[in-house]
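Coordinate analysis (summary)
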Amino acid sequence: MADNNAANPAPAAIEVRDLSIGYGSRVVLDNLNFRIEPGQIVTILGGSGCGKSTLLKHIIGLYKPLRGDILINGRSIVTADEQEKRSIMSEFGVAYQGGALFRSLNLAENIALPMEELTNWTRAEIRKRVSEKLALVHLNGFEKYMPSDLSGGMIKRAAFARALALDPKLLFFDEPSAGLDPLTSDMLDKVILEIREKTHATIMMVTHELPSIFRVSDRVIMLSAEKKGIVDDGSPAYLRDHSADEYVRTFLSRGGTYKSNSTEPDHA
Amino acid sequence: MNDNSKFKLGLFIILATAVFFAALFILGTMDRFKEKAHISTLVSESVQGLSVGSSVKYQGVPIGNVSEIMIYPTDNVIRIDMEINISKFKVQQAGQAPVTIPIEAFNEHVAEAVKKGLCCRMELEGITGGKYIELQMVKDTSPPEYDVKEFGLAYTYVPSQPSLISDLRGSVTAILAKLESIDYKGISDRTNAVLDSINERVNSPKFDETIDNVNAMVNEARKSIENLEKLTGSDVKDKIDTISQNVSVAVNAVESLTKSVELEIKAIEFGKIAENFRSFLSTAIRTSKTLDETLFNVDNGVDALIELIQYIDSDPASLIQGKKKPKTDADDAQGDGKKR
Amino acid sequence: MKNPADSIIQCGDMAFQLKDEVVSLISFVGDVTAALWEGIRHPKRLRWKDFLFYMNTCGPDGVPITIMISALMGVVLAYQAEVQSHKYGADNFLPMVIGCTILRELGPLMVAIVATGRSGSAFAAEIGTMKISEELDALRTMGIRPTRFLVVPKMWAMLFMLPLLTVIGDFVGCAGGYMVMRSELGMPLDVFLRLTRQGVAVKYFIEGVLKSVVFAYIITMTGCWRGFRTGSDAIAVGRSTTSAVVTSILFIVLTDAFLAKLFTVFYGWQG
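Here the structure is a predicted model, which means the values were calculated and not measured. (Residues numbered from 1 in each chain as written. Chains lettered and ligands numbered in written order. Predicted model: local features only at pLDDT ≥ 70, side-chain atom pairs only at ≥ 80, totals over all residues. Heavy atoms only, no water.)

**Overview of the overall build of chain A**
Along its length, chain A carries 9 helices and 10 strands. The contacts of chain A with a sequence gap of at least 6 include a subset with a gap of at least 24, amounting to 65%. Within the structure as shown, chain A displays about 11,700 Å² of accessible surface, and the carbon and sulfur contribution to it stands at 50%. (Helix = DSSP H or I, 4+ residues; strand = E, 2+ residues; numbered from the N terminus. Contact = heavy atoms within 4.5 Å. Areas by Shrake-Rupley, 256 points an atom, 1.4 Å probe, with all protein chains shown as cover.)

Right under this line is the structure:
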């Protein structure tokens, strides 16, 4: 796997080099550089419209960047051809903002889909793994439910389960707790921590739910629309208290001082 | 997918497939599996209007289609192959349903019938200019102008007869050719010459002179006879009397003859006749010139008519639809043809 | 007043958009065809469940409207033709006229238009909604080709079902024509059938069915393509649905004209 980086025998889970992204001639984020080491939970944070979701979609290979390179486990997803790209993609799982469950399939089928399509596992094996994943997100017993019958929180958890289907070592969660009530949001955070504990996966999230960030994130990468780049990078508590940038401090202070089990009302 | 929709889908597929095959059957794919006989013919006329797929009829009953049309340019012959659905040919056995004859029997039947005068001829189908091939018995079969054996036909050969329209065209052309071959100019020239020579004779002064001479001669003869009477004496009076009497009788006879000649000549009134004759001749000459023109026009008309008939033959639909491309020559021809 | 330069710029924009559309359509056609081929080589990888589901929605569920439209079309066609040709005493040609017109042209065309309205728009809406809810992205990041997953089952279903629907439409259309012949001219069924058989070659029937296969390809292709091209705002799905129907009908009619010529040329060789 680590064929291209002799200096780093253990490649970063994600490495972004000189990345510029945008639409057409409009540059949204310019000249980004960061590494995410295996096992971390990293949150991409930033105000609305700063391009954090766009960044995520570039990292998972849906969009082509204007410049620069993105390495997933040491392999470039930018320069990969169609087949290699699919191979890289099979190494990570993505839980989308709205869940993106296939509405024509029930919950179990949704989670089984990547297994059916990309592995040679037998039916029995798939069934076993599906119930494992559902147990991990506390959804066992809902196998036959259609996505339309599930609540928002359940859909998010089902999306986590599907992202975990192929036991990836890298997970991407896009706005996992957006639009959920605080209690459900709490529960999702717990699920995320459990997932990390059980799978030792690297997790990259995009969110601006401050309580959730303080609860789960090891590291925050703060983006700014004005600077078109990273303003600061560090653990959330450290940045809140010691960031050189006032914007970062103010932004993170809005999240309060708690670390967990908050009953603070939802963000504005 | 529940059982209900499975049933629906299955039912739909079965029904639609059934309709599909029923349609194939009804529309005659099954014809393809029927036994087909083949016959060929050779024609030297144009097959305009005939195409692969044109129907073949046996005394009016549709029995097949044209399957191939080929040209043998060296012999200027067109070969037409026909596919015959022999299921139309039946044998009837007492008390049983009619049975389709076997293909060998069909071929034999055709070969037999050809000896008795079975022929193919192209006929016009409807008003569209399309043609079909009619197989029918013809009393007097004219032998083909080429040796059929040279073509080595694989199928049963049925001789062809010129089609009705080409027959018609042939006859009309023959009549017109005969008309055309008459030497109208020569006839009129000779007539003119004869009339001219008669005219010349009648007009010449010798003709009048001859009549005057005849008159003078008659007068001379009368005077001689009177002198002869005076000279006669008494001695020989008796003898002479008798002679004289005899002569007198003779002279009387001559006189009466002369008189009658005179009378006749008077009655003839040659001058008048000559006059009349002359005026007749000049009329005749004028007429002959008109005749010349007329004959010339007839000649033109014949050409135009031939052209028209050829045109109609090549495109019979034009009889109803009118000409496709207005062509001045052909228009004139049609106009002339109608006038005459 | 508008600046004339603006109009020129607009024209240029439109030309570029058109070019984009054409390029996207062509690459989509290539993508789908490759996926279809892959499906033929590995039939196990076809999503049989989806295939059956779409067979059901495209086929049996469309039968009632197909029957209704086709029967009425047959009735109207026969009636109009009868009024005209009766004047010339050409009643015996009517079964041929009705048969040829329905089997060669109107049957496949009307069924295709109905299927565009039912299935083509549904495909566009379905894929458009999936795009908005990031399901397409999800597929892609799972390493599954959306065309194989979404288009191929629909395509196979349509390729199988539309010809069958066309057969039914043809049959019902001719039956409608017969009803008019019967009521207006008192033509008995056997005479109608005989006259139809006389004038309608089996190749015309095959022609219509082959056409409907092409139409199925067009309907699915256009519907799905429009779905994939859906924008991201709320009304985008409605827009792509409308445009799927319009584009698809346009393509169908264009193709129909082309095929009509093609078949005539082909028959010219065949006679």
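**Some details on the interface of chain A and chain C**
The interface is formed by 23 residues belonging to chain A together with 19 residues belonging to chain C. When the two sides are added together, the surface that chain A and chain C hide from each other amounts to roughly 1,800 Å², 54% of it contributed by carbon and sulfur. Ranking the residues of chain A by area buried against chain C places A:Phe102, A:Arg103 and A:Glu117 at the top, with a combined share of 31%. If you look at where chain A meets chain C, you find 6 salt bridges. (Buried area = accessible area lost by both parts, 1.4 Å probe. Salt bridge = Lys/Arg side-chain N within 4 Å of Asp/Glu carboxyl O.)

**Let's talk about unusual backbone geometry**
All names here are of chain A. Although it is not a glycine, Asn 73 adopts a positive phi angle of roughly 50 degrees. Examined against the element boundaries, Asn 73 turns out to sit in the loop between β4 (67-72) and β5 (75-76). For His 200, which is not glycine, the phi torsion reads 55 degrees and is therefore positive. When you line up the elements, His 200 lands in the loop between α6 (182-199) and β8 (202-206). Overall, the relative accessible area of 59% leaves His 200 in the exposed class. (Buried < 20%, exposed > 50% of the residue type's maximum accessible area, 1.4 Å probe, protein only.)

**Describing the sheet that holds strand β7 (residues 118-125) of chain B**
Residue and element names in this part refer to chain B. Taken together, 7 strands build an open sheet; the order of strands is β7-β8-β2-β3-β4-β1-β9 and the sheet is mixed. Strands at the two margins of the open sheet, each flanked by one partner only, are β7 and β9 (156-157). In this structure, β7 lies alongside strand β8 (residues 130-137), joined through 8 bridges in antiparallel fashion. Looking across to β8, one finds that Leu 124 is bridged to Lys 131. Sheet contacts for helix α2 (residues 103-116): β1 (36-43), β2 (55-58), β4 (77-85), β7, β8 and β9; angle to β1, the most-contacted strand, approximately 25 degrees. (Pairing = 2+ DSSP bridges. Axes fitted to C-alpha atoms, helices over the stretch in contact; angles between N-to-C directions.)

**Considerations on the pattern of salt bridges**
Going through the model one piece at a time under the given rule, you end up with 38 salt bridges over all chains. When the shortest N-O distance is used, the salt bridge between A:Arg215 and A:Asp189 registers 2.4 Å. Linking A:Arg215 in helix α7 (residues 210-216) with A:Asp189 in helix α6, this pair joins segments that are 26 residues apart in sequence. When sorted by exposure, A:Arg215 lands in the same class as A:Asp189, which is buried. Through salt bridges with shared partners, one network takes in A:Glu117, C:Asp31, C:Glu38, C:Arg47, C:Asp50, C:Arg145 and C:Arg148.

**Structural notes on the pairing of β8(B)**
All names here are of chain B. Of all the 8 residues making up β8, 6 are buried; the element is thus mostly covered by neighbouring parts of the structure. Bridge analysis of β2 against β8 gives 3 bridges, and the strand direction is parallel. Across the sheet, the residue bridging to Lys 57 is Glu 134, located in β8.

**Thoughts on empty space enclosed by the protein**
All chains considered together, the criterion is met by 7 cavities of 30 Å³ or more. Approximately 140 Å³ is the volume attributed to the largest cavity. If you trace the largest cavity, you find 15 residues lining it, with A:Phe92, A:Gly93, A:Arg162, A:Ala163 and C:Met142 closest to the centre. Of all the elements in the fold, those that place two or more residues in the lining of the largest cavity are β6 (92-95), α3 (107-118) and α5 (152-163) of chain A together with α5 (135-141) of chain C. Its residues assigned to classes, the lining of the largest cavity shows 11 nonpolar, 3 polar and 1 charged. (1 Å grid on protein atoms, 1.4 Å probe; cavity = no way out; pocket = protein on both sides within 12 Å on 5 of 7 lines; lining within 4 Å. Points joined across faces, edges and corners; volume = space filled by probe spheres on them. Nonpolar A, V, L, I, M, F, W, Y, C, P; charged D, E, K, R; others polar.)

**Things to note about the pairing of strand β10 (residues 229-234) of chain A**
Residues and elements named next belong to chain A. For strand β9 (residues 219-224) and β10, the ladder comprises 5 bridges, and the chain directions are antiparallel. Residue Leu 223 lies in a different strand from β10, and its bridge partner there is Ile 230. A loop of 4 residues connects β9 with β10, the two strands running antiparallel in sequence, and Lys 228 in this loop sits at a positive phi of about 55 degrees.

**Some words on the interface of chain C and chain B**
Interface size, as often reported, equals the accessible area lost upon joining of the parts. Taken together, the contact between chain C and chain B spans 25 residues of the former and 18 residues of the latter. At the boundary of chain C with chain B, total buried surface from both sides reaches about 1,800 Å², with 80% on carbon and sulfur atoms. Taken as a group, C:Asn56, C:Arg197 and C:Val202 account for 28% of the area that chain C buries against chain B, more than any other trio of residues on that side. Along the contact surface separating chain C from chain B lie 1 salt bridge. In this structure, C:Asp61 and B:Lys8 form a salt bridge, with 2.9 Å as the shortest nitrogen-oxygen distance. Run the count over chain C and chain B and you get 2 residue pairs in polar contact (both at pLDDT 80 or more). (Polar contact = N/O pair within 3.5 Å; in protein donor to acceptor, adjacent residues only side chain to side chain.)

**Considerations on the confidence of the model for chain A**
Residues and elements named next belong to chain A. With 91% of its residues at a pLDDT of 70 or more, chain A has an overall mean of 82. Mean pLDDT per element in chain A: helix α9 (residues 246-253) is the minimum at 82, and β8 is the maximum at 90. Here residues 1-6 is modelled with pLDDT under 50, and outside its nearest four sequence neighbours on either side it reaches 11 contacts, counting other chains as well. For residues 257-268, every residue scores under 50 in pLDDT, and the model assigns this stretch 17 contacts once sequence neighbours within four places are set aside. (pLDDT = per-residue confidence, 0-100.)

**Quick look at the packing of helix α2 (residues 48-58) of chain C against helix α4 (residues 94-132) of chain C**
Residues and elements named next belong to chain C. Following both chains from N to C, one finds α2 and α4 inclined at 135 degrees, their axes separated by 10 Å at the closest point. With respect to their mutual orientation, α2 and α4 come out oblique. On α4, the residues that touch Tyr 54, Thr 57 and Cys 58 of α2 are Arg 118, Ser 119, Phe 123 and Glu 126. (Parallel < 35°, antiparallel > 145°, perpendicular 65-115°, else oblique.)

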